[in-house]
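# Tertiary structure, described
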Amino acid sequence: MNASHSRVLQLALAVGFVASQTAHAQSFVEQGKLTSAGSRPADESSGDIALDGDTLAVGAVRASAPGAVQSGTVFVYTRSGSSWTQSATVTPNVPVDFSFFGEAVELDGDDLAVGAPTEDRVYLFQRSGGTWTQQAVLAPPAVGQSVAFGASLALDGDTLAVGAPLHNSDTGDEGAGRVFVYRRTGGVWGAPQIVEGSVYTYAAFGRSLALSGPHMVVTEGGPFSQSAAIYAYNGTDWQFQQTVPVSATPASWGSGVRSVAIDGATLAIAVPQWTSLFVPAPVGRVFVSELVNGVWTLAADFSAAGDVRVSGEYVVAGDVRDATAGVDAGAVRVARKRTTAWDEFTLALASDAAPGDLLGVRVDIDGTTLAAAAGNKDVTTSLIAPVYVGVNLGSAVAYCTGKVNSLGCTPSISAVGATASASGAGTFTLRADQLIGNTSGIAFYSLSGRAAVPFQGGFLCVEAPLRRTPLTTSSPSAPGVCGGVSTVNFNSVIASGTNPGLNEVGALVRAQWWHRDAAAPIPTSLTDALEFSVGP
């Protein structure tokens, strides 16, 4: 993934979620609670998590590899269908005592990067046939002291950014921090480019960082700054682009940015101790910015006090202070941008939530799968913080614009039934209304994204590649009346097995109807589109 993890905070995921909260509440379906036999201190230092597709990597910094003491371990879990099981245990070839291996974990496809900041090392692994093999070990130039190299990581394809927030500047500023950016060519990680921030004492530049394509966002300013720095890659170097403020309101002492995330044109900054100068109690805020005409612009903010991640149209943030399930039980807040605004919010609670759990110290999201760590839960029975894994199944929502037909009506799409089912059982009907009667048509769909492309006098609202359902004929209708209706049981389409992607719980589907309209200048009819998730 492309996000960064900078603290030893915790593991894993909150699913089995109970959803509550505001507009357009989403539902979260539990897929499992992952633990590992053992125990750990109640100090939030179990390790980091990273989620990519059907793989979840979980750091356990207090675990001991054979012959070592608290050298750290990464547990890898994989999903088959809707079940998660442990598939691998990853340790360095030569474990080092108290290295905090697993404090930062990044996963991108078959590449796994793990930070061990107390020994100033980053370990790189690759997966082949289910086996993870150590490929390289990265280290900064020796400077005679620890620089916390590997305290934060961000991996995106062939680019790896490593934070060293305790690194002194070349002019002697203690703890100014720097970021080392590596690029892989021909399977080999080359020499890093060094990126520094404003360069002042205890700035801790690189305490948290994230990558997405040509953009990198880095925290700067230790516990006092309200900003993060954005860098852009020009093909040769990483150049400072702009500073992203989190709020126009002054904040008090100790309100620094603690976590950053970026995906495409969306970035989020979490400020767990954010406090107005005029409000004594810290509340914690997440600030969401979007890239508009080359400038990152603040687009939304909401309350939270934990880790933050971005994936597509979702921003998720841990809120360890949430007391809905008890004092400091914690929760995960999910913001979603369905159309042009971040206007859908959900509060997710662990199904077995209890006071003091600190759910949300670590979160991650990929697509519609969410992971969150309950940092202080089950400390006597699990070496890792319990990992709850789940998927977000938002209610079906219409978008885009239908094409006015030759009778002056605008056909529309809707869904009837509880949910699309990955098993193909039951009935989930896609329906088109306001059609001309006795006309042939099809519903087509995609597992890609939304679109709004001019097409046959209307709009193609579904991003390619497209799949079609069986041909249907609309019901009869009186002449001059838009009374035709077409339906298809989408669960039957899933059950046919022609598109295995539909058999995954959490798959996000966009669908649209196309029909004949012989009297139209372009003899076709198009509905608006419908977005829905596949459930169990």
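Residues numbered from 1 in each chain as written. Predicted model: local features only at pLDDT ≥ 70, side-chain atom pairs only at ≥ 80, totals over all residues. Heavy atoms only, no water.

Our next topic: the state of the cysteines. Using the criterion set out here, one finds two disulfides in the structure. The partner cysteine of Cys-400 in its disulfide is Cys-461, sulfur to sulfur 2.0 Å. Here the S-S torsion is close to -70°, and the disulfide linking Cys-400 with Cys-461 is therefore left-handed. Residue Cys-400 is located in the loop between β31 (397-399) and β32 (412-416), and its partner Cys-461 is located in strand β37 (residues 458-462); the two are separated by 61 residues in the primary sequence. On the accessibility criterion, Cys-400 (28% relative accessible area) is partly exposed. Between Cys-409 and Cys-482 runs a disulfide, and the two sulfur atoms are separated by 2.0 Å. Given an S-S torsion of about 90°, the disulfide between Cys-409 and Cys-482 has right-handed geometry. One end of the pair, Cys-409, is in the loop between β31 and β32; the other, Cys-482, is in the loop between β39 (472-473) and β40 (484-489), and 73 residues separate them in sequence. Using a relative accessible area of 16% as the deciding quantity, one classes Cys-409 as buried. (Disulfide = S-S within 2.5 Å. Helix = DSSP H or I, 4+ residues; strand = E, 2+ residues; numbered from the N terminus. Buried < 20%, exposed > 50% of the residue type's maximum accessible area, 1.4 Å probe, protein only.)

Bringing the side chain of Asp-528 into the picture now. Relative to the assigned elements, Asp-528 resides in strand β42 (residues 524-535). Of the side chains bearing the opposite charge, Arg-450 lies closest to the buried Asp-528, which forms no salt bridge; the N-O distance is 11 Å. One polar contact links the side chain of Asp-528 to the main-chain amide nitrogen of Ile-413, over a distance of 2.9 Å. (Lys, Arg positive; Asp, Glu negative; His and termini not counted. Salt bridge = Lys/Arg side-chain N within 4 Å of Asp/Glu carboxyl O. Polar contact = N/O pair within 3.5 Å; in protein donor to acceptor, adjacent residues only side chain to side chain.)

Taken as a whole, the largest pocket holds about 440 Å³ of empty space. Along its surface, the largest pocket is lined by 19 residues, and Asp-366, Gly-367, Thr-368, Gly-506 and Leu-508 are the ones closest to its centre. (1 Å grid on protein atoms, 1.4 Å probe; cavity = no way out; pocket = protein on both sides within 12 Å on 5 of 7 lines; lining within 4 Å. Points joined across faces, edges and corners; volume = space filled by probe spheres on them.)

Turning our attention to the sheet that holds strand β34 (residues 429-435). One open sheet holds the three strands; their spatial order is β32-β34-β40, and the pairing between them is antiparallel. Pairing within the sheet leaves two strands with one partner each, and these edge strands are β32 and β40. Averaged over all neighbouring strand pairs, the angle between strand axes comes to 20°, with direction disregarded. Sheet topology places β32 next to β34; five bridges connect them, and they run antiparallel. Counterpart to Ser-414 in the pairing with β34 is Arg-431. (Pairing = 2+ DSSP bridges. Axes fitted to C-alpha atoms, helices over the stretch in contact; angles between N-to-C directions.)

Attention now goes to the pattern of salt bridges. According to the stated counting rule, one finds 23 salt bridges in the structure shown. Asp-170 is the salt-bridge partner of Arg-178, the closest N and O atoms lying 3.1 Å from each other. By relative accessible area, Arg-178 is classed as buried at 5%. For Asp-170, a relative accessible area of 68% puts it in the exposed group. Across the pair Arg-333 and Asp-322 runs a salt bridge, and its minimum N-O distance is 3.1 Å. Here the residue Arg-333 occupies a position in strand β26 (residues 331-337), and Asp-322 occupies one in the loop between β25 (314-319) and β26, the gap between them amounting to eleven residues. In this structure, Arg-333 and Asp-322 share a single accessibility class: buried. Salt bridges sharing partners connect three or more residues here, namely Lys-33, Asp-352, Asp-357, Lys-377 and Asp-378.

A few words on the confidence of the model for the chain. The pLDDT averaged across the chain works out to 86; a share of 87% of its residues lies at or above 70. Between residues 1-26, whose pLDDT stays under 50, and residues either more than four places distant or in other chains, the model counts 175 contacts. (pLDDT = per-residue confidence, 0-100. Contact = heavy atoms within 4.5 Å.)

This paragraph deals with the pairing of strand β8 (residues 111-116). Of all six residues in β8, six are buried; the element is thus mostly enclosed. The two faces of β8 match: Asp-111, Ala-113 and Gly-115 on one face and Leu-112, Val-114 and Ala-116 on the other face are all buried. Taken together, the five bridges between strand β7 (residues 104-108) and β8 define a ladder with antiparallel strand orientation. Residue Leu-107 lies in a different strand from β8, and its bridge partner there is Leu-112. The antiparallel hairpin formed by β7 and β8 contains two residues in its connecting segment, where Gly-109 sits at a positive phi of about 65°. Across six bridges, the pairing between β8 and strand β9 (residues 121-128) is antiparallel. Bridging across to β9, Ala-113 finds its partner in Leu-124. Between β8 and β9, which follow one another and run antiparallel, lie four residues, and Asp-120 among them has a positive phi close to 55°.

The subject of this paragraph is the environment of Leu-358. Assignment of secondary structure puts Leu-358 in the loop between β27 (342-349) and β28 (359-366). Once the C-alpha coordinates of Leu-358 and Lys-377 are considered, the two residues, 19 residues apart in sequence, prove to be 7.5 Å apart.

Bringing unusual backbone geometry into the picture now. Following Ala-464, the chain continues to Pro-465 via a peptide bond in cis, the omega torsion being 5°. Its location among the elements puts Pro-465 in the loop between β37 and β38 (467-468). Unlike most non-glycine residues, Asp-328 shows phi in positive territory, near 55°. Inspection of the secondary structure puts Asp-328 in the loop between β25 and β26. A positive phi angle is found at Gln-434, which is not glycine, with a value near 65°. Looking at where Gln-434 falls in the secondary structure, it is placed in strand β34.

One can find Trp-296 in strand β23 (residues 295-303). Judged by relative accessible area, Trp-296 falls into the buried class, the value being 4%. Taking C-alpha positions, Trp-296 is 8.7 Å from Thr-243, a pair spaced 53 residues apart along the chain. At 3.3 Å, the side chain of Trp-296 forms a polar contact with the side chain of Gln-241.

Turning next to the sheet that holds β7. Spatially, the four strands line up as an open sheet ordered β7-β8-β9-β10, and their pairing is antiparallel. Each having just a single partner strand, β7 and β10 (131-138) make up the two edges of the open sheet. In this sheet, neighbouring strand axes are inclined to one another by 20° on average, regardless of whether the strands run parallel or antiparallel.

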